[in-house]
Amino acid sequence: MRADNERINNPLNPVGAENNRFPDPHIKIFTNPDTGNEAMYVYVGHDDGKDRFIMRDWFVMYSEDLIHWQCKKTLDRKDTYLPDDSEDCWACDVVKSPYDGKYYLYYSYQGYSTGVAVSDRPDGPFVDARGKTPILPEGITPTNSYDPDIILPDEDDDRAWIVFGSDWTDHYWAMQLDKSMTEVVPGTARKVPVYPSEDDPTELLGVLRSDQAEAFRYGDTWYLYWAGRYATSKERLGPYIFRGNIGADVPHYPDGRAFIDHGSFLEWHGQWFYAVSHGAESPFYRKSYLMYLHVCDDGTLTFDKDIRRCGVGQYCARWDRIEAECYMRMDTPGLRKVELKNGDEHVGFGIQQTEGTQCVHYPHVYDLTANSTLTFFVKGEGGAKVEVLVDGQQAGEVTLGESLKDFTEVTLPLTHEGGEHDMTLKLTGSLTLDWFAFA
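This report concerns the structure included in the present document. (Residues numbered from 1 in each chain as written. Predicted model: local features only at pLDDT ≥ 70, side-chain atom pairs only at ≥ 80, totals over all residues. Heavy atoms only, no water.)

### Observations concerning the overall build of the protein
Turning to step 1, where the next piece is worked out: A tally of helices and strands in the protein yields one helix and 33 strands.
Turning to step 2, where the next piece is worked out: Its C-alpha atoms give the protein a radius of gyration of 23 Å, near enough to 22 Å, the size a compact globule of 439 residues would have.
Turning to step 3, where the next piece is worked out: Look at the contacts in the protein between residues 6 or more apart in sequence, and 57% of them connect residues 24 or more apart.
Turning to step 4, where the next piece is worked out: Of the roughly 18000 Å² of accessible surface on the protein, a fraction of 45% belongs to carbon and sulfur atoms.
Turning to step 5, where the next piece is worked out: Of note, the protein has its 42 positive side-chain charges centred 2 Å away from the centre of its 72 negative side-chain charges. (Helix = DSSP H or I, 4+ residues; strand = E, 2+ residues; numbered from the N terminus. Rg over C-alpha atoms; globule rule 2.2 N^0.38 Å. Contact = heavy atoms within 4.5 Å. Areas by Shrake-Rupley, 256 points an atom, 1.4 Å probe, with all protein chains shown as cover. Lys, Arg positive; Asp, Glu negative; His and termini not counted. Charge placed at Lys NZ, Arg CZ, Asp CG, Glu CD.)

Dropping the structure here:
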């Protein structure tokens, strides 16, 4: 897949930043108040030390196309209960309150406690919301009261929860937030247990070896993630069953933790995204990466290692192939990402639809030569059609003359100018697309 002239967009490198040592990403989709468009906001700290953690403030990176990033300080430690000279501005999370529409930033004071700040804008500036006192003081539960993750109400639970902790003491705990989003409800502390297997209801020890956990929902399954590892449950607060390690193939620290650590997940425009920080030179000198997340039928999480290297939202026409599942946006839910198998063996992923007409988008395809030929690796029923739009204009279409039960290479000559263009595939009928490539 690699091309000599490909653009590298990982780690995230915002315009105007002196460096991009931004770790502990939490990703959210909010409306940019300056443009009225949806954008991704990545809330991070900043590593200023290579031999120990030196983190002095909190920042936000934001982008509408996930290629061009802006960055600004969003919370100054001097506006919190931390000492003015603190170097312990650890991980944070931000949510938009369903009650008052304001944005709340929950921030860590090292491994000790958690505070909360508020703003009318997703990019801040944020100001302390509790008179410079922590919402999670030391000792509120048996675990460390830091590295917060906020779970907002949904159709199954009308309460908001803050999840926090580490296995250095007593693993992960949760407490309910009241509707002010600045107070926890007394008496609601609950441990969030993680078990090795469904047949072994004893707490998972050793494998955790980390702190910040993020809980997110995929379909009817809840995932609890930490440092590349993850567990699943049908309930947001568990118990969770350990499932695997998405960072197993990534270099590790001496204590066994994956070189990737804090991670965050969300769905946007029908695509799942995974943000994670990665030690650049040491555990204390980290940068943040953004990639597409893929979920196997059995719940296994994975990502494309080439996309991890080059970043999302752009595609090089000189790659050997572009994987269909690495789209940037789909317009309707009629199209879905599917796992591809050879018997029981995992082969990869593709996109599939069974009826109707759907569109899937691959913006910023660069190094296109004029009037190229596109090869699809596809199977489907006779009469199924693929139409290619370049910058919204039809560049060519192909119809399957007969049913293809197995994946087959189908070529399509295109009519378009060279350079960089946005490409849309308009799919009609029943078909599955594995990949496509330009010639």
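### Remarks on the sheet that holds strand β2 (residues 38–44)
Turning to step 1, where the next piece is worked out: The strand order across the open sheet formed by four strands is β1-β2-β3-β4, and the pairing between neighbours is antiparallel. Two strands close off the open sheet at either side, each with one partner strand: β1 (26–31) and β4 (70–76). Adjacent strand axes in the sheet meet at a mean angle of 30°, parallel and antiparallel pairs treated alike.
Turning to step 2, where the next piece is worked out: Note: β2 against strand β3 (residues 57–63), five bridges, orientation antiparallel. (Pairing = 2+ DSSP bridges. Axes fitted to C-alpha atoms, helices over the stretch in contact; angles between N-to-C directions.)

### Notes on the pairing of strand β17 (residues 240–245)
Turning to step 1, where the next piece is worked out: Bridge count between strand β13 (residues 194–195) and β17: two bridges; the pairing is parallel. Of the residues in β17, the one forming a bridge with Val194 is Tyr240.
Turning to step 2, where the next piece is worked out: As judged from the four bridges shared by strand β16 (residues 229–233) and β17, these two strands associate in the antiparallel manner. From the neighbouring strand, Arg229 faces β17, where its bridge partner is Asn245.

### Looking at the side chain of Asp123
Turning to step 1, where the next piece is worked out: In this fold, Asp123 is placed in the loop between β7 (113–119) and β8 (127–128).
Turning to step 2, where the next piece is worked out: For Asp123, the side chain forms a polar contact with the side chain of Arg121, separated by 2.9 Å.
Turning to step 3, where the next piece is worked out: The contacts of Asp123, once residues within four sequence positions are left out, are Tyr41, Val60, Lys72 and Thr74. (Polar contact = N/O pair within 3.5 Å; in protein donor to acceptor, adjacent residues only side chain to side chain.)

### Details of the nonpolar core
Turning to step 1, where the next piece is worked out: In terms of nonpolar packing, the biggest core is built from 73 residues, with Phe273, Tyr362, Phe376 and Leu425 touching the most fellow members.
Turning to step 2, where the next piece is worked out: With six residues, strand β20 (residues 285–295) is the single largest residue contributor to this core.
Turning to step 3, where the next piece is worked out: Dropping the residues within four chain positions of it, Phe376 is found in contact with Val386, Val388, Val398, Thr408, Glu409, Val410, Leu412, Leu425, Leu433, Trp435 and Phe436.
Turning to step 4, where the next piece is worked out: If you look at the next biggest cluster of nonpolar residues, it comprises 22 residues, including Tyr41, Val60, Tyr81 and Trp90. (Core = buried A, V, L, I, M, F, W, Y, C linked by side-chain atoms within 4.5 Å. Buried < 20%, exposed > 50% of the residue type's maximum accessible area, 1.4 Å probe, protein only.)

### Quick word on the packing of aromatic side chains
Turning to step 1, where the next piece is worked out: Within this structure, the stated rule accounts for 31 aromatic pairs.
Turning to step 2, where the next piece is worked out: Three or more aromatic residues link up through ring pairs in this structure, and these residues are Phe216, Tyr218, Tyr223, Tyr225, Tyr230, Phe265, Trp272, Tyr274 and Phe303.
Turning to step 3, where the next piece is worked out: Directly above the ring of Tyr285 sits Lys50, whose terminal nitrogen or CZ lies 4.8 Å from the centroid.
Turning to step 4, where the next piece is worked out: A cation over an aromatic ring shows up here: Arg308 above the ring of Tyr289, its NZ or CZ 4.4 Å from the ring centre. (Phe/Tyr/Trp six-rings, centres within 6.5 Å; stacked < 30°, edge-to-face > 60°. Lys NZ or Arg CZ within 6 Å of the ring centre and 35° of its normal.)

### Regarding the layout of surface pockets
Turning to step 1, where the next piece is worked out: Considered as a void within the structure, the largest pocket measures approximately 540 Å³ in volume.
Turning to step 2, where the next piece is worked out: Lining the largest pocket are 23 residues, with Ile150, Ala215, Phe216, Arg217 and Phe265 positioned closest to its centre.
Turning to step 3, where the next piece is worked out: Mapped onto the lining of the largest pocket, the elements with two or more residues apiece are β1, β5 (89–96), β9 (149–151), β14 (214–218) and β18 (260–268).
Turning to step 4, where the next piece is worked out: Residues that form the lining of the largest pocket fall into these classes: 14 nonpolar, no polar and nine charged.
Turning to step 5, where the next piece is worked out: In this structure, the second largest pocket spans a volume of roughly 390 Å³. (1 Å grid on protein atoms, 1.4 Å probe; cavity = no way out; pocket = protein on both sides within 12 Å on 5 of 7 lines; lining within 4 Å. Points joined across faces, edges and corners; volume = space filled by probe spheres on them. Nonpolar A, V, L, I, M, F, W, Y, C, P; charged D, E, K, R; others polar.)

### Here we look at the sheet that holds strand β10 (residues 160–166)
Turning to step 1, where the next piece is worked out: Taking strand neighbours across the sheet as the criterion, the four strands line up as β9-β10-β11-β12 in an open arrangement whose pairing is antiparallel. Looking along the sheet, the strands with just one partner apiece sit at the ends: β9 and β12 (190–192). The average angle at which neighbouring strand axes cross in this sheet is 30°, direction not considered.

### Thoughts on unusual backbone geometry
Turning to step 1, where the next piece is worked out: The omega angle of the peptide bond from Gly124 to Pro125 is 10°, so this bond is cis rather than trans.
Turning to step 2, where the next piece is worked out: The amide bond that connects Gly238 to the next residue, Pro239, takes the cis arrangement and shows omega of 10°.
Turning to step 3, where the next piece is worked out: Structurally, Pro239 is set in the loop between β16 and β17.
Turning to step 4, where the next piece is worked out: Positive phi, close to 45°, is recorded for Gln110, a residue that is not glycine.

### Some points on empty space enclosed by the protein
In this approach the atoms are scanned with a rolling probe the size of a water molecule, which exposes any empty space left behind.
Turning to step 1, where the next piece is worked out: One pass over the structure, following the stated rule, counts one cavity of 30 Å³ or more.
Turning to step 2, where the next piece is worked out: Of the voids in this model, the largest cavity is the one considered here, and its volume is about 40 Å³.
Turning to step 3, where the next piece is worked out: Phe376, Val378, Ala384, Lys385, Val386, Val398, Leu400, Val410 and Leu431 together form the lining of the largest cavity.
Turning to step 4, where the next piece is worked out: Counting only elements with at least two residues in the lining of the largest cavity, the list comes to β28 (373–380) and β29 (385–390).
Turning to step 5, where the next piece is worked out: Within the lining of the largest cavity, the residues separate by chemical class into eight nonpolar, no polar and one charged.

### With respect to the state of the cysteines
Turning to step 1, where the next piece is worked out: Enumeration over the complete set of coordinates arrives at zero disulfides.
Turning to step 2, where the next piece is worked out: The closest cysteine sulfur to the non-disulfide-bonded Cys296 is located on Cys326, 13 Å from its own sulfur.
Turning to step 3, where the next piece is worked out: Not engaged in a disulfide, the cysteine Cys359 finds its nearest cysteine sulfur in Cys326; these two sulfurs lie 19 Å apart.
Turning to step 4, where the next piece is worked out: On the basis of relative accessible area, Cys359 is assigned to the buried category, the value being 18%. (Disulfide = S-S within 2.5 Å.)

### Observations concerning the side chain of His294
Turning to step 1, where the next piece is worked out: Tracing the backbone through its elements, the reader meets His294 in strand β20.
Turning to step 2, where the next piece is worked out: In this structure the side chain of His294 is engaged in a polar contact, spanning 3.0 Å, whose partner is the side chain of Lys337.
Turning to step 3, where the next piece is worked out: His294 has contacts with Thr300, Leu301, Thr302, Phe303, Asp304, Glu325, Cys326, Lys337 and Phe349, leaving out every residue within four places of it along the chain.

### Considering the pattern of salt bridges
Turning to step 1, where the next piece is worked out: Tallied over the full model, the rule gives 29 salt bridges.
Turning to step 2, where the next piece is worked out: In the salt-bridge network here, residues are joined through shared partners; they are Asp154, Glu155, Asp156, Asp157, Arg159, Arg217 and Arg236. (Salt bridge = Lys/Arg side-chain N within 4 Å of Asp/Glu carboxyl O.)

None of this, on its own, says anything about what the molecule does.
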